[in-house]
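Spelled out, the chains give:
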Amino acid sequence: MNVNRKVLTLDEFTLQQLRNFPHATGELSNLLRDIGLAAKRVNVEVNKAGLVDILGDAGTVNVQGEDVKKLDIYANNQLMGVLSHGISCAGIGSEELPEFVVFDDEASNNSKYVCLFDPLDGSGNIDVNVSIGTIFCVYRRISEKGKPCTREDFLQPGRNMVAAGYIIYGSSTMMVYATRRGVNGFTLDPSIGEFTLSHPNIKCPETGKIYSVNHGNFFQYEKGVQAYIDACQKKNKDNGGPYTQRYIGSMVADVHRNLIKGGIFMYPATIDKPKGKLRLLYECNPFAFIVEVAGGKATNGRQRILDVQPTELHQRSSLFIGSRKMMEELETYLARS
Ligand code: AHG
Ligand code: MN
Ligand code: MN
């Protein structure tokens, strides 16, 4: 049997990274491994979603008033389970839970981090076999170690983030995570059940040809956004336009594609949703961190996403995110209106 030693598993990679920091405790590597484990379990269920009677609404409504699908709950419970059994996480905040959860046992109270996640993103796409994902981010807690974590640990501005990542359950399953040192992507090798390094040191192209937005809401967007979308559709030799429009409706899949190929993703405020639809803590912040580390930009149209001081766990935000030059072009339209 051929053993390809060029292939690094997620665990091998995080351990290698650890060697660069002789004083590191390994807690973050542990936490990423825990999330990888939960992701593999979710992946198994997502893969058979078309076969088993796991589809449909779980019969409850989440804190944002949206129907909860059964897989959302499954994914939420898997993440919560591995993180509460692990030794790196003092508590979690989840899109599916009304309040943050303090693990409050000795190991958890003594751990460094808290974790926030959207257990299943794009869950409206499950029953039509379209890519969905999991989004997470990690903060160093500011509350005193040895005690239970507190609300302040969860309401930190995104710029304090230590790591963020996502899992995309697509034509292959991938985990991509960022620390301040870089963004790396791992593809799940189903034959050995391991995430293996397939996309080292991901950089978001400076510019691209893809814009992603829900066109159905066009007449609900502010004038500057409308003017930019118009410009995306026009011939323009300076920016390579017209651009191509791509919108899956699973943010993980849309932003992942644009991160790799270059592009811009927008979920602006609408008349119906004047604060935007996406959640600052579980969706906007983690992606803003990943895309910035990869060289791109993320704003809410007025302010850098990572500088927003959150006031509530389930706060909504508008989001513009992607390749640096495309974001700068958008900013000129927003400034004009
Ligand atoms: P979730 O499934 O976690 O509720 O998130 C869905 C989000 C996001 O993934 C996607 O980009 C957006 O909702 C799509 O919304 P529209 O259908 O309004 O375009
Ligand atoms: Mn989501
Ligand atoms: Mn979700």
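Residues numbered from 1 in each chain as written. Chains lettered and ligands numbered in written order. Predicted model: local features only at pLDDT ≥ 70, side-chain atom pairs only at ≥ 80, totals over all residues. Heavy atoms only, no water.

### Topic: the site of ligand 1
Condition: We define proximity as follows: a residue is near a molecule or strand when any one of its heavy atoms falls within 4 Å of that partner. A 3.5 Å cut-off defines polar contacts: any pair of N or O atoms within that distance qualifies, except that in protein one atom must be a possible hydrogen donor and the other a possible acceptor, and neighbouring residues in sequence count only when both atoms are side-chain atoms. Every accessible area reported is derived by Shrake-Rupley at a probe size of 1.4 Å, with residue values counting cover from the shown protein chains alone. In this description a helix means any DSSP run of H or I spanning at least four residues, a strand means any run of E spanning at least two, and both kinds are numbered starting from the N terminus.
Around ligand 1 there are 17 residues in total, and Asp 121, Gly 122, Asn 214, Tyr 247 and Tyr 267 lie nearest to it. Contact between ligand 1 and Asp 118: an oxygen atom at 3.1 Å from a side-chain N or O atom of the residue. A distance of 2.8 Å is found between an oxygen atom of ligand 1 and a backbone nitrogen or oxygen belonging to Gly 122. Protein burial of ligand 1: of its 480 Å² of free accessible surface, 84% is covered by the chains. Among the secondary structure elements, those contributing two or more residues to the shell around ligand 1 are β5 (113–121), β13 (263–267) and β14 (278–279). When residues in the shell around ligand 1 are grouped by element, the largest group, three residues, is from β5.

### Considerations on the domain arrangement of the chain
Stated precisely, the cut-off is as follows: Domain start and end points were adopted from an automatic or database domain assignment. Contacts are residue-level and defined by heavy atoms, with any inter-residue pair within 4.5 Å sufficient. As a working definition, buried area equals the accessible area (1.4 Å probe) given up by two parts on being put together, with both sides summed. The term salt bridge refers to a pairing of a side-chain nitrogen on Lys or Arg with a carboxyl oxygen on Asp or Glu at a separation within 4 Å. Note that Gly is not counted as nonpolar here; it falls among the polar residues with everything else outside the nonpolar set of Ala, Val, Leu, Ile, Met, Phe, Trp, Tyr, Cys and Pro and the charged set of Asp, Glu, Lys and Arg.
In terms of domain boundaries, the chain breaks down into domain 1 (10–199) and domain 2 (210–336). Using C-alpha coordinates to define each centre, domain 1 is positioned 24 Å away from domain 2. Contacts between the two partners involve 48 residues from domain 1, matched on the other side by 32 residues from domain 2. Approximately 2900 Å² of surface area, both sides summed, lies buried where domain 1 meets domain 2, with 65% of it carried by carbon and sulfur atoms. Across the contact surface, domain 1 and domain 2 share two salt bridges. One salt bridge connects Asp 307 with Arg 159, and the closest N-O pair in it is separated by 3.1 Å. Inspection of the region where domain 1 meets domain 2 yields eleven residue pairs in polar contact (both at pLDDT 80 or more). Considered class by class, the residues forming the side of domain 1 that touches domain 2 number 26 nonpolar, 14 polar and eight charged.

### Observations regarding the sheet that holds strand β17 (residues 319–322)
Our working definition: When DSSP finds two or more bridges between two strands, those strands count as paired. Geometry is summarised by axes, namely lines fitted to C-alpha atoms with helices restricted to the contacting stretch, and by angles between N-to-C directions that run from 0 to 180 degrees.
With respect to topology, five strands assemble into an open sheet ordered β12-β11-β13-β17-β15, the strand pairing being mixed. At either margin of the open sheet sits one strand with a lone partner, and together these are β12 (244–245) and β15 (297–299). Across three bridges, β15 lies against β17 in antiparallel orientation. Looking at β17, one finds that Lys 297 is bridged to Gly 322. The sheet strands contacting helix α6 (residues 223–232) are β11 (210–212), β13 and β17, and the helix crosses β13 at an angle near 145 degrees. The sheet contacts of helix α8 (residues 280–293) involve β15 and β17, and relative to β17 the element is tilted by about 25 degrees.

### Describing the sheet that holds strand β6 (residues 132–140)
Here eight strands make up an open sheet; going across it, the order is β4-β3-β5-β6-β7-β8-β9-β10 and the pairing mixed. At either margin of the open sheet sits one strand with a lone partner, and together these are β4 (101–102) and β10 (194–199). Bridge count for strand β9 (residues 182–189) against β10 is five bridges, and the pairing is antiparallel. If you follow Thr 187 over to β10, its bridge partner there is Thr 196. The strands touched by helix α1 (residues 10–19) within the sheet are β8 (173–179), β9 and β10, with β8 carrying the most contacts at an inclination of about 10 degrees. Contacting β3 (89–94), β5, β6, β7 (161–169), β8, β9 and β10, helix α2 (residues 27–47) runs over the sheet at an angle of about 20 degrees to β7.

### Section: the coordination of the manganese ion (ligand 2)
Keep this limit in mind: Each metal's donors comprise the N, O and S atoms found within 2.8 Å of it (within 3.2 Å for Na, K or Ca). Water is not part of the atom list, so some coordination spheres may appear incomplete.
Around the manganese ion (ligand 2), the protein contributes the donor atoms Asp 118 (OD), Asp 121 (OD) and Glu 283 (OE), at 1.8 to 2.2 Å from the metal centre. In this structure, the manganese ion (ligand 2) is positioned 3.7 Å from the manganese ion (ligand 3), and both are ligated by Asp 118.

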